[in-house]
Amino acid sequence: MTHETSETPGEEHLLLSADTNGDGKADVWMVDTTGDGKADLYQFDTTGDGTVDVTIVEDPDHGEAARTVVEGDGGHPVPS
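Criteria and cut-off values
Residues numbered from 1 in each chain as written. Predicted model: local features only at pLDDT ≥ 70, side-chain atom pairs only at ≥ 80, totals over all residues. Heavy atoms only, no water. Helix = DSSP H or I, 4+ residues; strand = E, 2+ residues; numbered from the N terminus. Buried < 20%, exposed > 50% of the residue type's maximum accessible area, 1.4 Å probe, protein only. Contact = heavy atoms within 4.5 Å. pLDDT = per-residue confidence, 0-100.

### Topic: the overall build of the protein
Helices and strands together make up the secondary structure of the protein, namely 0 helices and 6 strands. Burial status across the protein gives 25% buried among its 80 residues.

Dropping the structure here:
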């Protein structure tokens, strides 16, 4: 697991990245987009292919109580 505070495009700050499947590449990212020191954007590479599959954001007025999946299936594939 990596604990970093490095700038990313758009004035965002990477708070945490982690390699959860042991392949040596990060597949989970927690980002502070507002600069308040708290994560409000969460991204996950659920397939291990190096691309973000799920993006979750927090409503700034409600914090973590109002997390919304804005891209992907939130880790719950739709049955075919």
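### Structural notes on the environment of Ala-26
Here Ala-26 lies in the loop between strand 2 (12–18) and strand 3 (28–32). Separated by 22 residues in sequence, Ala-26 and Gly-48 have C-alpha atoms that sit 9.2 Å apart. With residues near it in sequence (within four places) discarded, Ala-26 still touches Ser-17, Ala-18 and Asp-19.

### Comments concerning the environment of Ala-39
Inspection of the secondary structure assignment puts Ala-39 in the loop between strand 3 and strand 4 (41–44). With a relative accessible area of 15%, Ala-39 lands in the buried category. Separated by 18 residues in sequence, Ala-39 and Val-57 have C-alpha atoms that sit 9.1 Å apart. In contact with Ala-39, other than residues within four places in its own chain, are Leu-15, Met-30, Val-31, Asp-32 and Glu-58.

### Quick notes on the environment of Met-30
Positionally, Met-30 belongs in strand 3. C-alpha of Met-30 to C-alpha of Leu-16: the two residues are 14 residues apart in sequence and 5.1 Å apart in space. Beyond its immediate chain neighbours, meaning those up to four positions away, Met-30 contacts His-13, Leu-14, Leu-15, Leu-16, Ala-39, Leu-41 and Tyr-42.

### As for the confidence of the model for the protein
For the protein, per-residue confidence averages 76 on the pLDDT scale, and residues scoring 70 or more make up 71% of the total. Per-element confidence in the protein is highest for strand 3, whose mean pLDDT is 92, and lowest for strand 1 (residues 2–8), whose mean pLDDT is 38. pLDDT under 50 marks residues 1–10. Its contacts with residues more than four places away, or in other chains, come to 19 contacts.

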